[in-house]
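If you want the building blocks of each chain, they are given just below.
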Amino acid sequence: MNRVILHVDMDAFFASVEEVDNPSLRGKPVAVAGPGQRTIITTASYAAREFGVRTGMALGQGLKLCPALVIVRCDHRKYSHVSAMIIDILESFTPLVEPYSVDEAFLDVTTDLNRFGGAETLGGRIKERIREETGLTCSVGIGPNKLLAKLVGGRRKPDGLSVLAPGDVRDLMESMPVGKLCGIGPETERRLGSMGISTCGQLGRFPLQILVREFGVLGHTLSRMGRGEEDSPVVPLGAGNEKVKSIGHSATLPRDVTDLVTARRVLLTLSEMVGRRARRHDCAGNRVTLTVRYRDFTTFSRQMTLAHPIRTTSRIYRSASAILDSVSIVRPIRLLGISLSHLRFGCLQGSLFPADREEDSLQGALDLINDRYGEFSAMYADQLPDLRGSNGIIPPSWRPRGVRRSV
Ligand SMILES: [Mg+2]
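Residues numbered from 1 in each chain as written. Predicted model: local features only at pLDDT ≥ 70, side-chain atom pairs only at ≥ 80, totals over all residues. Heavy atoms only, no water.

J.: So what's going on with the pairing of strand β1 (residues 5–10)? Residues and values would help.
T.: A regular strand places its side chains on the two faces of the sheet in alternate fashion. Most of β1 sits out of view: six of its six residues are buried. Residues Ile5, His7 and Asp9 of β1 are buried on one face, and the alternating residues Leu6, Val8 and Met10, pointing to the opposite face, are buried as well. Across six bridges, the pairing between β1 and strand β7 (residues 138–143) is antiparallel. Its bridge partner being in β7, Ile5 is matched across the sheet by Gly143. (Buried < 20%, exposed > 50% of the residue type's maximum accessible area, 1.4 Å probe, protein only. Helix = DSSP H or I, 4+ residues; strand = E, 2+ residues; numbered from the N terminus. Pairing = 2+ DSSP bridges.)

J.: So what about the packing of aromatic side chains? Which residues, and what values?
T.: Throughout the structure, instances matching the rule amount to six aromatic pairs. Taken together, a centroid distance of 4.2 Å and an interplanar angle of 10° make the contact between Phe14 and Tyr79 stacked. Here the residue Phe14 occupies a position in helix α1 (residues 13–21), and Tyr79 occupies one in helix α4 (residues 76–91), the gap between them amounting to 65 residues. Tyr79 sits in the buried class, given a relative accessible area of 0%. A ring pair is formed by Phe93 and Phe116, whose centres lie 5.6 Å apart and whose planes are at 50°; its orientation type is tilted. Taken together, the positions of Phe93 in the loop between α4 and β5 (97–101) and Phe116 in the loop between β6 (104–108) and α5 (119–134) put the pair 23 residues apart, joining distant regions of the chain. Accessibility assignment for this pair places Phe93 and Phe116 in one class, buried. One aromatic cluster in this structure is built from Phe13, Phe14 and Tyr79. One Lys or Arg, Arg49, reaches over the ring of Tyr46 and ends 4.3 Å from the middle of that ring. (Phe/Tyr/Trp six-rings, centres within 6.5 Å; stacked < 30°, edge-to-face > 60°. Lys NZ or Arg CZ within 6 Å of the ring centre and 35° of its normal.)

J.: Any chance you could break down the coordination of the magnesium ion for me, citing the residues and the numbers?
T.: Taken together, the protein donors to the magnesium ion comprise Asp9 (OD), Met10 (O) and Asp103 (OD), at separations of 2.1 to 2.4 Å. Each donor residue of the magnesium ion belongs to the same chain, with the gaps between them written as D-M-x92-D. No difference in accessibility class separates Asp9 from Met10, as the two residues are buried. (Donors = N, O, S within 2.8 Å, 3.2 Å for Na, K, Ca; no water.)

J.: Which residues make up the confidence of the model for the protein chain, and what are the values?
T.: Averaged over all residues, the pLDDT of the protein chain is 86; the fraction at 70 or higher stands at 87%. pLDDT under 50 marks residues 386–398. Its contacts with residues more than four places away, or in other chains, come to 41 contacts. Low confidence marks residues 402–407, where pLDDT is under 50. Its contacts with residues over four positions away, or in another chain, come to 26 contacts. (pLDDT = per-residue confidence, 0-100. Contact = heavy atoms within 4.5 Å.)

J.: I'd like to hear about the sheet that holds strand β10 (residues 283–294), residue by residue, with values.
T.: Ordered by their spatial adjacency, four strands build an open sheet running β9-β12-β10-β11, and the pairing between neighbours is antiparallel. Sheet topology places β9 (246–257) and β11 (299–310) at the edges, where each strand pairs with a single neighbour. In this sheet, adjacent strand axes meet at a mean angle of 15° when their direction is disregarded. Most of the contacts of helix α12 (residues 260–280) go to β9, to which it runs at about 155°, and overall it touches β9, β10 and β12 (333–345). Seen against the sheet, helix α13 (residues 313–326) touches β10, β11 and β12 and runs at an angle of roughly 140° to β11. (Axes fitted to C-alpha atoms, helices over the stretch in contact; angles between N-to-C directions.)

J.: Quick one: what's the story with helix α6 (residues 146–153), residue by residue and with numbers?
T.: Given 3.6 residues to a turn, an α-helix orients residues that are three or four positions apart in the same direction. In terms of burial, α6 is largely enclosed, as eight of its eight residues are buried. Restricting attention to buried positions, one finds in α6 the residues Lys146, Leu147, Leu148, Ala149, Lys150, Leu151, Val152 and Gly153. N-capping of α6 is provided by Asn145, with a side-chain oxygen placed 3.2 Å from the backbone N of Leu147. (Polar contact = N/O pair within 3.5 Å; in protein donor to acceptor, adjacent residues only side chain to side chain.)

J.: Explain the nonpolar core to me, and be specific about the residues and the numbers.
T.: With 37 residues, the main nonpolar core has Leu6, Val8, Phe13, Leu90, Ile126 and Ile130 as its most contacted residues. Contributions of two or more residues to this core are made by β1, α1, β2 (30–33), α4, β6, α5 and β7. No fewer than three residues from each of domain 1 (5–12 + 78–168) and domain 2 (14–74) sit in this core. Residue contacts for Val8: discarding those within four places in its chain leaves Leu90, Asp103, Glu104, Ala105, Leu107, Ile126, Ile130, Cys138, Ser139 and Val140. Core analysis: the next-biggest nonpolar cluster, separate from the first, contains 29 residues, Leu267, Tyr294, Ile323 and Leu324 among them. (Core = buried A, V, L, I, M, F, W, Y, C linked by side-chain atoms within 4.5 Å. Domains from an automatic or database assignment.)

Here you go:
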């Protein structure tokens, strides 16, 4: 059966939210950025983009390109709130909504399409509702799978609506640069380029054995991506706990670090974020994964499997630290991530060991304080100064609520 997948991507999300909040910013070159000294631009308004200001650019460089640039400090709480509003709107069209990042979502509208009078009409109504209720514009792409919905949606921004019919996939992919595909980053693009592959058409026809030799199992995925084939389902929030695979958080560091003391402090904060979510969802996991990304963007993950599921901040932290100790850090670290997987839900048996019981009750007390007074009201001394608002990055794993669904 042919699926119809709709991708919604908010236009210059953070900057647009700020413009709605403060109409005097409208049409001005606006950059949303974090507080730190090494601040990078999280979102640039379209007016700023005309000067060449881009997301991920250092603030200083942005100001050089556009001296009139208006800098607004990012306010995650505000964006999360608007993001949750948008998900609510999308869920009023279909329950099959998968938030993909703070400003993107996929909808499986295969069975709802007729009710709404076709893809184009549905896309238009979604855009209209979002604009009415939040004042924001978005771009919508509709296609036979997630890969293609996102691809076509990204071609007409801002405020675009694109529909790709299954019969047009081949033509579209033939000359599409591989780097335009979600999932093919600059490094993969470079490696493909060195093999003489620059378009999706070339990638889709390239001998599979060579791709597999070069990229391992990923070679199969790349080959299919080149042909525009992709079949991952849209997994809605709250789709049943059996689908929840992991709870993860990552953070780009305020500066690239080589010293393990700073790295551990970040791990502690991440452990608290992961642990809080696990405890809130009444689950625990016995696999901890540490992800390290170096300054040059090379990334690796290491896992540790434990005899019993864990969920307290200190246990998650101890596991992640042990993994960090077991690897040799060869370059400055740019990003760290922790995820907890092999999750089990429901009440956990109390520990038999007094020391563990003590740790659990301490954790319970800390959670109560943070529930009442806000996140990080009570924290471990090692978390000071912590990561909050360090660079204005919301990681891709961020979700408006609930648990991240990924491996
Ligand atoms: Mg966006």
